[in-house]
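# Descriptive analysis of the structure
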Amino acid sequence: MTELLAVSGDGHPVTALDEGTGPTLLVVHPGGSDATTWAAVAGRLTDDFRVVRIHRRIYAPGADVVLPHSMALDAADIVAVRELLDSPVLLVGHSSGAVAALEAALIAPDAFAGLLLYEPPMPTRELLAGEAGARARAALDAGDPVEAMRIHMRDIVRMPASTVDEMFADVRVQAAFAAYAPAQIAEDEALDALGIGIDRFAALGTPTTLIEGDLSPAHLRERVSDLAATLPDAHVVTLQGQGHIAHLTAPGALADVVRETAERVLRG
């Protein structure tokens, strides 16, 4: 494995993990984590594909979270890394990383042969965070990042409260979430700042695979459905028995969908 270094449009350095050989998959990880979170999926693909996993700037080690954060910065970073890669490239995004991927495709539609987007929380009919985002920000500003992330998981992602309580009973989980809280809450605000509506994607003809889990929160599946109805060349793949974190719970099944999409888009 090697590390790529790109320079984004504002001069900010952007790094990415680079491994494997073959046609290129450019992966944008979800919020509340970093590029390593997709390691189990990437490891199932590197025999046949070059897999490049971006370290998103606000989640990179030692990152300073400058407010307000903007999804446009993520999009520009993606395009900067893409410029280092040979064509064709399949752009893969997960959760908020999928929103960033969509925004990148909008500003550089010819840069990507296809898109694979796993439950992007795009504000299609309603904001993502809303008043819960304000409560999460208040908790973070009051010095309680654990509570901020509890609000994020329970009231913004909308995981069942009992599941969230079980997760947060583990002090190691609390510590892991707390470390990413400043970035995650800033990102929730950046997603809401996009505003409600997705008409700007109606002319984006890039072939797109949208992934959903049949156990995912209903609002995430609704957002996927709205995108499928708006994007001109999109179809939905449903992961049975999975939710929003199949990269952890079923990396093999998720890798299979990535592989099938890549074979179709990159190799025809």
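This structure is a prediction, so every number in the text was calculated from the model and none was measured.

## Quick look at the sheet that holds strand E8 (residues 234-239)
Ordered by their spatial adjacency, 8 strands build an open sheet running E1-E2-E4-E3-E5-E6-E7-E8, and the pairing between neighbours is mixed. Two strands close off the open sheet at either side, each with one partner strand: strand E1 (2-7) and E8. Each strand of the sheet is rotated relative to its neighbour by a mean of 20°, with strand direction disregarded. Looking at chain direction, strand E6 (residues 114-118) and strand E7 (residues 208-213) are connected through 4 bridges and run parallel. Bridging from a neighbouring strand, Tyr-118 pairs with Ile-211 of E7. Against the sheet, helix H2 (residues 71-82) touches E1, strand E2 (13-19), strand E3 (24-28), strand E4 (50-54) and strand E5 (89-94), its axis set at about 160° to E3. Its contacts with the sheet place helix H10 (residues 251-266) against E3, E5, E6, E7 and E8, and it is angled at close to 150° to E5.

## Structural notes on unusual backbone geometry
Cis geometry marks the peptide bond from Leu-67 to Pro-68, where omega comes out at -5°. Mapped onto the fold, Pro-68 is located in the loop between E4 and H2. A cis geometry characterises the amide bond from Ser-87 onward to Pro-88, with omega recorded as 0°. Take Pro-88: it is sitting in the loop between H2 and E5. The phi dihedral of Ser-95 is positive, around 55°, even though this residue is not glycine. A positive phi is found at Arg-158, a non-glycine position, where the angle reads about 70°. Assignment of secondary structure puts Arg-158 in the loop between helix H5 (145-156) and helix H6 (161-168). Taking relative accessible area as the criterion, Arg-158 reaches 33% and is therefore assigned partly exposed.

## Here's the deal with helix H3 (residues 96-107)
The terminal C-alpha atoms of H3 lie 17 Å apart, and with 12 residues this matches the ideal 16 Å at 1.5 Å per residue to within 8%. A large share of H3 lies buried, amounting to 10 of its 12 residues. All of the buried residues in H3 are Ser-96, Gly-97, Ala-98, Val-99, Ala-100, Ala-101, Leu-102, Glu-103, Ala-104 and Ala-105. Residues of H3 that are buried make contact with E3, H2, E5, E6, helix H7 (171-193) and helix H8 (218-230).

What counts, and at which threshold
Residues numbered from 1 in each chain as written. Predicted model: local features only at pLDDT ≥ 70, side-chain atom pairs only at ≥ 80, totals over all residues. Heavy atoms only, no water. Pairing = 2+ DSSP bridges. Helix = DSSP H or I, 4+ residues; strand = E, 2+ residues; numbered from the N terminus. Axes fitted to C-alpha atoms, helices over the stretch in contact; angles between N-to-C directions. Contact = heavy atoms within 4.5 Å. Buried < 20%, exposed > 50% of the residue type's maximum accessible area, 1.4 Å probe, protein only. Expected span 1.5 Å × (residues − 1).

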